[in-house]
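Residue-level listing of the chains:
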Amino acid sequence: MIRRMARLLREVARGLPDPDEDPDLGPFCTYLRQRYGRHPLALSPKEWEEGLLDLIAEAIAEGWDRYGAPSAARDPEGEGYVASAEGPEGPVLVRAPTKREAYREARREWVKRLLR
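Residues numbered from 1 in each chain as written. Predicted model: local features only at pLDDT ≥ 70, side-chain atom pairs only at ≥ 80, totals over all residues. Heavy atoms only, no water.

A. Just the packing of aromatic side chains, in detail. Enumeration according to the criterion identifies 3 aromatic pairs in this entry. Look at phenylalanine 28 and tryptophan 48: their rings are 5.6 Å apart centre to centre, the planes differ by 70°, and that puts the pair in the edge-to-face class. One end of the pair, phenylalanine 28, is in helix α2 (residues 26-36); the other, tryptophan 48, is in helix α3 (residues 45-67), with 20 residues separating them in the sequence. Between tryptophan 64 and tryptophan 110 the ring centres are 5.8 Å apart and the planes differ by 80°, which places this aromatic pair in the edge-to-face class. Of the two residues, tryptophan 64 is situated in helix α3 and tryptophan 110 in helix α4 (residues 99-115); the sequence distance between them amounts to 46 residues. By relative accessible area, tryptophan 64 is classed as partly exposed at 47%. (Phe/Tyr/Trp six-rings, centres within 6.5 Å; stacked < 30°, edge-to-face > 60°. Helix = DSSP H or I, 4+ residues; strand = E, 2+ residues; numbered from the N terminus. Buried < 20%, exposed > 50% of the residue type's maximum accessible area, 1.4 Å probe, protein only.)

This is the structure we're talking about:
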């Protein structure tokens, strides 16, 4: 999926007069230029893919360092489990019947918030 997304972004950039000036794609093009030291349109599809993967991994690792990862425990107010985490948009709180499900849902929401 990342490969397809990177190729799609590259194709969109190729159709723009100046991809660096695009409000949505510009920041990613700047990131690629800084990472590879070349204009983004001169990069291969593989470099776009690697750049996108690195940018996503960097956002998650930075969020983990800044906010910590979600944690789960028994729900003190009832049956089941509660998972919680801090994130850039405030706390994430999930209740579920199993610890695994609560932790998984909290992680999913936490990562979505980090990548927005």
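B. Seen up close, the sheet that holds strand β3 (residues 92-96). Pairing within the open sheet is antiparallel, and its 3 strands lie in the order β1-β2-β3. At either margin of the open sheet sits one strand with a lone partner, and together these are β1 (71-74) and β3. Looking at each pair of strands side by side, their axes are set apart by 20° on average, direction ignored. Judged from the 5 bridges that link them, strand β2 (residues 81-85) and β3 form a sheet pairing that is antiparallel. Bridge pairing links alanine 83 to valine 94 in β3. (Pairing = 2+ DSSP bridges. Axes fitted to C-alpha atoms, helices over the stretch in contact; angles between N-to-C directions.)

C. Main features of the side chain of glutamate 47. By the secondary structure assignment, glutamate 47 is in helix α3. Among all residues touching glutamate 47, those that are not within four sequence positions of it are Leu32, Tyr36 and Arg38. (Contact = heavy atoms within 4.5 Å.)

D. Spotlight on the environment of arginine 95. Position of arginine 95 among the secondary structure elements: in strand β3. Taking the C-alpha atoms as reference points, arginine 95 and arginine 74, 21 residues apart in sequence, are found 9.4 Å from one another. When residues no more than four places from it in sequence are discounted, the contact partners of arginine 95 are Asp75, Glu77, Tyr81 and Val82. Within polar-contact distance, the side chain of arginine 95 engages the side chain of aspartate 75 at 2.9 Å. Of note is the side chain of arginine 95, whose polar atom sits 3.4 Å from the side chain of glutamate 77. (Polar contact = N/O pair within 3.5 Å; in protein donor to acceptor, adjacent residues only side chain to side chain.)

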